[in-house]
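Report on the structure
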Amino acid sequence: IDRCNLTILHEPDQAGLDGFLAENQVEIVASLPCYLEENVNRQRGKGVFDGSIRALRQLNDVGYGTDPKLQLNLVYNPQGPVLPPPQAALEADYRRILLDQYGIRFNRLLALANLPIQRFGSTLLSHGKFDGYVALLKSSHQDDNLEQVMCRSLVSVDWQGYLYDCDFNQMLGLGLQARDIERPHLSDLRTLSLEGNGIVVGDHCYGCTAGQGSSCGGALRDD
Ligand code: SF4
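This structure is a prediction, so every number in the text was calculated from the model and none was measured.

1. A few points about the pairing of strand β4 (residues 108–111)
- In this sheet, β4 lies alongside strand β3 (residues 72–76) in parallel orientation, the contact comprising four bridges. Its bridge partner being in β4, Val75 is matched across the sheet by Leu110.
- The parallel pair β3 and β4, bridged by helix α4 (residues 87–102), forms a crossover whose chirality is right-handed.

And the structure:
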């Protein structure tokens, strides 16, 4: 998977990236926070919407979004301290508007909740909205999502090979914990089974379990 910044496709030293990704059948996951130009430019900067649309057309031209082997998935995150709207309805809106107005096709829209960490967490703190957002996540928790949270089936690996239950825990420096191993490493997986291993959790985890649920594959449930 390439977590692709769409506008990077226009950088002179990235010429040919679209063809390279297509040739190697790399799945693309790209952020497009809205289908409205005004909203995207307000959030990401002047010209970003236009650059993103041109990049999506470029990807469509090499087969992304139409060839089943070339998956093009878009990501939506709410910009404020709210939960994402139902993924299926939002995906239908994106599909209709992007096709009708720009002739663009894509495979799936992933509607992800923001976890109250890192830059988003700092922004909430500076606006005095951190506690309110965490309270919203907690009050929206759904037990049904616990079965499917991504940390139950995936691990995250940092550049040095150390293991984390997910990339959020990695960002927070919360390493995976395993009995008898101080700091589990990728190489330990040759002998270490993670079956039944505990997961390191915190308040940020409510971002995965609130509402329709959230993971690297989008919503956990159709609401
Ligand atoms: S943030 Fe918590 S619930 Fe979400 S994937 Fe990571 S460990 Fe699991």
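2. Looking at the layout of surface pockets
- Each pocket or cavity is described by its volume, and for the second largest pocket that value is around 250 Å³.
- Per element, the largest residue contribution to the lining of the second largest pocket is three residues, and it comes from helix α8 (residues 206–209).
- Among the residues making up the lining of the second largest pocket, the classes are represented as 13 nonpolar, four polar and two charged.

3. Side note on the pattern of salt bridges
- Considering all chains together, one arrives at five salt bridges under this definition.
- We note a salt bridge from Arg54 to Asp50, for which the minimum N-O separation is 3.8 Å. Of this pair, Arg54 and Asp50 are both found in helix α3 (residues 48–61), four residues apart, which corresponds to roughly one turn of the helix.
- Arg96 is paired through a salt bridge with Asp93; the nearest N and O atoms lie 3.1 Å apart. With Arg96 and Asp93 both in helix α4 and three residues apart, the pair spans about one turn of that helix.
- Taking relative accessible area as the criterion, Arg96 reaches 46% and is therefore assigned partly exposed.

4. Let's talk about the nonpolar core
- Judged by nonpolar contacts, the single largest core of 32 residues is most densely connected at Ile28, Tyr64, Leu74, Tyr94 and Leu98.
- Elements with a contribution of two residues or more to this core: α1 (17–23), β2 (28–31), α3, β3, α4 and β4.
- Residues contacting Tyr64, with those up to four places away along its chain left out, are Asp18, Leu21, Ala22, Val26, Ile28, Leu59, Leu70, Gln71, Leu72 and Arg105.
- With eight residues, the next largest nonpolar core counts Ile117, Cys166, Phe168 and Cys208 among its residues.

5. Description of the domain arrangement of the chain
- Once the domains are mapped, the chain shows domain 1 (2–111) and domain 2 (118–209).
- Each of domain 1 and domain 2 was reduced to a C-alpha centroid, and the two centroids are 27 Å apart.
- When the two sides are added together, the surface that domain 1 and domain 2 hide from each other amounts to roughly 450 Å², 74% of it contributed by carbon and sulfur.
- Connecting domain 1 to domain 2 are zero salt bridges.
- At the boundary of domain 1 with domain 2, the tally comes to zero residue pairs in polar contact (both at pLDDT 80 or more).
- Broken down by class, the residue content of the side of domain 1 that touches domain 2 amounts to three nonpolar, two polar and no charged.

What counts and what doesn't
- Residues numbered from 1 in each chain as written.
- Predicted model: local features only at pLDDT ≥ 70, side-chain atom pairs only at ≥ 80, totals over all residues.
- Heavy atoms only, no water.
- Pairing = 2+ DSSP bridges.
- Helix = DSSP H or I, 4+ residues; strand = E, 2+ residues; numbered from the N terminus.
- Right-handed = clockwise from strand over helix to strand, strands pointing away.
- 1 Å grid on protein atoms, 1.4 Å probe; cavity = no way out; pocket = protein on both sides within 12 Å on 5 of 7 lines; lining within 4 Å.
- Points joined across faces, edges and corners; volume = space filled by probe spheres on them.
- Nonpolar A, V, L, I, M, F, W, Y, C, P; charged D, E, K, R; others polar.
- Salt bridge = Lys/Arg side-chain N within 4 Å of Asp/Glu carboxyl O.
- Buried < 20%, exposed > 50% of the residue type's maximum accessible area, 1.4 Å probe, protein only.
- Core = buried A, V, L, I, M, F, W, Y, C linked by side-chain atoms within 4.5 Å.
- Contact = heavy atoms within 4.5 Å.
- Domains from an automatic or database assignment.
- Buried area = accessible area lost by both parts, 1.4 Å probe.
- Polar contact = N/O pair within 3.5 Å; in protein donor to acceptor, adjacent residues only side chain to side chain.

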